[in-house]
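# Fold and geometry: a report
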Amino acid sequence: GDQRQISMMRSLAGKGFLLTAAGFEGAQLIPDSVRLCRSAAEAMETADAVILPLPVTRDNKTIAAPFAKTPMPLAEIIQMIRPDQVVFGGMLTEAVRAVKGFEKLTSYDYFEREELAVRNAIPTAEGAVAIAMDHLEITLNSARCLITGYGRIGKLVAKLLTGFGSDVTVCVRSKSDEAWLQAAGIRCISYEDLSSEDGGFDVVFNTVPTAVFRKRELQALGPQTVFIDLASNPGGVDCEEAQEAGISVIRALSLPAKVAPVTAGEIISDTILNIVKEG
């Protein structure tokens with residue numbers, strides 16, 4: 001794991017858990033109470049539970065372990081875990097679950113928990129606004145901002161921008177979202193209206209993971225627009241069309257790990273504890 005896992009360790013150790021860790025040879029600020037082991041097998045030997053990182057893997061071959069001196073093969077690690085041990089992991093994908101032996105394990109995907117998703121949306125929204133401030137040549141106050149999607153992240157970005165005094169517009173599909181936006185006094189438009197918003201925005205925050213912005217929508221924005229794509233792959237914009245329209249797309253993924261790793265680690269810790277308390 002990355003810096004988030006170190007923060008998570010600090011949080012769990014502070015609550016009295018006995019921790020062993022592997023794959024952190026190049027890391028700093030590991031809590032003194034954590035026993036660093038030379039191998040994953042040594043770390044797992046006395047464990048009741050095994051906590052894998054978020055994401056568990058980035059390449060479907062090795063554990064995501066940027067502080068490890070040598071790669072940690074995914075299949076080998078999974079096969080070391082005993083059936084009497086409980087596994088917690090972030091983003092237990094089909095590729096992870098397909099590893100031989102995983103089907104025998106009791107596992108929990110903490111990334112699927114609603115409380116983690118909601119709390120993770122806070123550093124994501126803050127990071128997105130910080131990116132906008134870095135790239136805009138104007139203040140956010142009175143800036144014309146478009147948010148596509150009104151899920152967890154969209155709601156928090158809208159709240160932050162409203163606090164800055166931005167001119168906020170949110171693009172939504174559902175009538176219930178439209179009603180909530182009207183109640184909050186925030187302008188809303190439909191996706192069909194995007195292509196008619198001629199040069200009307202200084203910054204776009206996209207949270208929709210499908211290609212919402214194609215040629216017509218991008219031409220309506222204009223090259224001055226700062227486009228921040230917060231959506232998971234494949235994102236919400238046709239990058240080739242964006243390049244032709246002269247719009248630079250900022251792909252802002254995994255913001256909690258980048259902008260607030262300590263908070264993000266504490267969120268993971270709290271989520272795992274919630275699962276434990278639920279039995």
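Reference entry: report on the structure contained in this document. (Residues numbered from 1 in each chain as written. Predicted model: local features only at pLDDT ≥ 70, side-chain atom pairs only at ≥ 80, totals over all residues. Heavy atoms only, no water.)

## So, the overall build of the chain
Check the secondary structure of the chain and you find eleven helices and eleven strands. Projecting the C-alpha coordinates of the chain onto the three principal axes gives extents of approximately 60 × 35 × 35 Å. A total of 279 residues make up the chain; the buried ones form 49% of that total. Of all intrachain contacts in the chain linking residues separated by at least 6 positions in sequence, the fraction that spans at least 24 positions is 54%. (Helix = DSSP H or I, 4+ residues; strand = E, 2+ residues; numbered from the N terminus. Buried < 20%, exposed > 50% of the residue type's maximum accessible area, 1.4 Å probe, protein only. Contact = heavy atoms within 4.5 Å.)

## Overview of the sheet that holds strand E3 (residues 49-51)
The parallel open sheet is built from three strands, whose spatial order is E3-E4-E5. Each edge of the open sheet is held by one strand with a lone partner, namely E3 and strand E5 (106-109). When strand polarity is set aside, the average angle formed by the axes of neighbouring strands in this sheet is 15°. Pairing analysis gives four bridges linking strand E4 (residues 86-89) to E5, with the strands arranged parallel. (Pairing = 2+ DSSP bridges. Axes fitted to C-alpha atoms, helices over the stretch in contact; angles between N-to-C directions.)

## Side note on the state of the cysteines
Counted by the stated rule, this structure contains zero disulfides. For Cys171, which is in no disulfide, the shortest distance to another cysteine sulfur is to Cys188 and amounts to 9.1 Å. With a relative accessible area of 0%, Cys171 lands in the buried category. (Disulfide = S-S within 2.5 Å.)

## Here we look at the sheet that holds strand E7 (residues 167-171)
Judged by pairing direction, the sheet is parallel, and its six strands sit side by side in the order E8-E7-E6-E9-E10-E11 without closing on themselves. Edge strands, defined here as strands with exactly one partner in the open sheet, are strand E8 (187-189) and strand E11 (249-251). Here the average twist between neighbouring strands, direction ignored, is 20°. Here strand E6 (residues 144-148) runs beside strand E9 (residues 203-206); their pairing, made up of four bridges, is parallel. Its bridge partner being in E9, Ile147 is matched across the sheet by Phe205. Across the sheet, helix H6 (residues 152-164) lies against E6, E7 and E9, angled at about 165° from E6, the strand it touches most.

## Describing helix H1 (residues 3-14)
Its twelve residues place the ends of H1 17 Å apart at the C-alpha level, agreeing with the 16 Å of an ideal helix rising 1.5 Å per residue. By the criterion of burial, H1 is predominantly enclosed, with nine of the twelve residues buried. Arg4, Gln5, Ile6, Ser7, Met8, Met9, Ser11, Leu12 and Ala13 are the residues of H1 that are buried. Directly beyond the C-terminal end of H1, a positive phi value near 95° is found at Gly16. (Expected span 1.5 Å × (residues − 1).)

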